[in-house]
Every structure is written in C-alpha cells, then in structure tokens.
Amino acid sequence: MAIAAIGSLPIGLVGRRRATTLMFAPSASSGSARPFCSSSSSAPRKLVLYSKPGCCLCDGLKEKLQAAFSLAGPDSLDDVVLQIRDITSNPEWERAYQYEIPVLAKVLADGTEEKLPRLSPRLGVEMIQKKIAAALR
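1. With respect to the side chain of Ser51
If you trace the backbone, Ser51 turns up in strand 7 (residues 45–51). Once residues lying within four places of it in the same chain are set aside, the contact partners of Ser51 are Cys58, Lys62, Ile84, Arg85, Asp86, Ile87 and Ile101.

Given below as structure tokens:
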C-alpha cells in the first residue's frame with residue numbers, strides 16, 4: 001500500500017483518486033490511537049469516509065472516529081479499516097457527495113458500498129463506536 005500523510009495520519013494514493021486507508025488500535029504504552037495494520041487471517045471490516053479539505057464536519061468526524069477506534073470493549077472497532085476519500089479528487093465522488101459530506105459507508109463482501117445513517121456531530125465518541133459496531137454486524 002502506498003502511504004503519504006495528511007496531518008499525522010497516513011494517506012494512500014490510488015491512481016488519481018486520493019484515498020486514505022487507516023486502521024486504528026490503542027497504543028499499549030499511551031492508550032492513544034495509532035495507525036495499525038493487522039496481519040491476522042480474518043478479513044478486516046471496512047469503512048469508507050467521503051470527505052474534503054476544509055470541511056469542519058468532516059474533520060470533527062475524523063477526530064471522533066480516531067477516538068472511537070481506540071476504545072476497547074464489546075463494541076471494539078480494532079479490526080476495522082477506515083479509508084478516507086477526498087471527493088475533490090474524483091468527479092464521480094464529488095457529484096455524489098458534494099452536498100452530503102461527511103458520508104460514512106461500509107464496504108460489503110462483494111466490494112459494493114452501503115451508506116450508513118448520518119452521525120450527528122453532537123454524538124459522543126462512545127455512541128459513535130456503538131453505532132458503527134452495530135452497522136457492521
């Protein structure tokens with residue numbers, strides 16, 4: 001996987017389409033989230049976040065997702081791969097999501113995407129974790 005960086009988070013570049021593939025897991029020493037790549041044999045669950053630079057709702061959701069991915073417990077998201085896609089890098093994504101971002105979608109087994117219900121910016125990190133875990137079941 002090709003890796004570049006947005007802020008302190010890795011971002012993969014896919015052709016002309018800019019996309020970030022991240023997997024967060026708690027750091028053993030600090031308890032904070034860090035990018036994580038799993039080598040386990042089970043296929044990770046996958047989410048796609050459609051976003052764009054300068055979108056304050058997108059930035060807020062990214063921060064909450066990072067925190068939610070670092071939480072342990074029965075709704076743990078430690079095996080979830082998050083790909084962040086910049087809609088300005090792909091005209092198809094921009095047409096589809098320009099008025100809706102941030103848009104979170106789960107990737108199904110056949111590779112298609114299913115949009116998840118919009119997460120309110122007022123939701124706390126624990127509730128975001130629970131909603132995402134329920135949507136991925």
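Past the structure itself, the notes keep going.
2. A look at the pattern of salt bridges
Side-chain pairs of opposite charge can arise where the charged atoms are in close proximity. What the rule picks out here adds up to six salt bridges. Measuring nitrogen to oxygen at the nearest pair gives 2.7 Å for the salt bridge that ties Asp75 to Arg137. With Asp75 in the loop between helix 1 (56–70) and strand 8 (80–86) and Arg137 in the segment after helix 3 (125–136), this pair connects stretches of sequence that are 62 residues apart. Under the relative-accessibility criterion, Asp75 is labelled buried at 14%. With a closest N to O distance of 3.9 Å, Glu114 and Lys106 form a salt bridge.

Calculation rules
- Residues numbered from 1 in each chain as written.
- Predicted model: local features only at pLDDT ≥ 70, side-chain atom pairs only at ≥ 80, totals over all residues.
- Heavy atoms only, no water.
- Helix = DSSP H or I, 4+ residues; strand = E, 2+ residues; numbered from the N terminus.
- Contact = heavy atoms within 4.5 Å.
- Salt bridge = Lys/Arg side-chain N within 4 Å of Asp/Glu carboxyl O.
- Buried < 20%, exposed > 50% of the residue type's maximum accessible area, 1.4 Å probe, protein only.

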